[in-house]
Amino acid sequence: EMLAGDLIGTIETFFKKIGITKLRFKPAFNPYTEPSMEIFGYHPDLKKWTEIGNSGMFRPEMLAPMGLPENVRVIAWGLSLERPTMIKYRIDNIRNLFGHKVDLAMTRNAPICRFEGGEEEEKQQQ
């Protein structure tokens, strides 16, 4: 059986792989999921928690039209791209990522972001 702890663990693992380890989860309302949670990441330069996504467990009645049995649990989450990017690269103003004032040289010279493999992959490479 899949529980809310599995959802939290999946999200924590995802963000850990991109270098965001300070997370908080806050109960929320979403019409399609229950329980539902907002996801917050800590931005060290702004010294504040920033919402970076939303998540939940799909309600059984949402899965029934797909022919899934009532005992099947499905996790769901939606993540913004700009806010985790701000945290990972310590950007303190979203306007430095989007809009007419963006420094195009920063964009052109930015390194390509690469997500490292999981612990199992790392062990195989050693």
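Scroll up for the structure.
Parameters and conventions
Residues numbered from 1 in each chain as written. Predicted model: local features only at pLDDT ≥ 70, side-chain atom pairs only at ≥ 80, totals over all residues. Heavy atoms only, no water. Pairing = 2+ DSSP bridges. Helix = DSSP H or I, 4+ residues; strand = E, 2+ residues; numbered from the N terminus. Axes fitted to C-alpha atoms, helices over the stretch in contact; angles between N-to-C directions. Contact = heavy atoms within 4.5 Å. Core = buried A, V, L, I, M, F, W, Y, C linked by side-chain atoms within 4.5 Å. Buried < 20%, exposed > 50% of the residue type's maximum accessible area, 1.4 Å probe, protein only. Phe/Tyr/Trp six-rings, centres within 6.5 Å; stacked < 30°, edge-to-face > 60°.

(A) View of the sheet that holds strand E4 (residues 75-79). Across the sheet, four strands lie side by side as E1-E2-E3-E4; this open sheet has antiparallel pairing. The sheet terminates laterally at strand E1 (23-30) and E4, the two strands that pair on one side only. For this sheet, the mean angle separating the axes of adjacent strands, direction not counted, is 30 degrees. Against the sheet, helix H1 (residues 4-17) contacts E1, strand E2 (33-43), strand E3 (48-58) and E4, and its axis sits at roughly 35 degrees relative to E4.

(B) Region of interest: the nonpolar core. Membership of the largest hydrophobic core is limited to 11 residues, which are Leu7, Ile11, Phe15, Ile18, Ile20, Leu23, Met37, Ile39, Ile52, Met57 and Ile87. Sorting the residues of this core by element identifies H1, E2 and E3 as the ones contributing at least two each. Ranked by residues supplied to this core, first place goes to H1 with three residues.

(C) Quick peek at the packing of aromatic side chains. Applying the stated rule across the entire model yields two aromatic pairs. With a centroid separation of 5.2 Å and an interplanar angle of 80 degrees, the aromatic rings of Phe14 and Phe15 are classed as edge-to-face.

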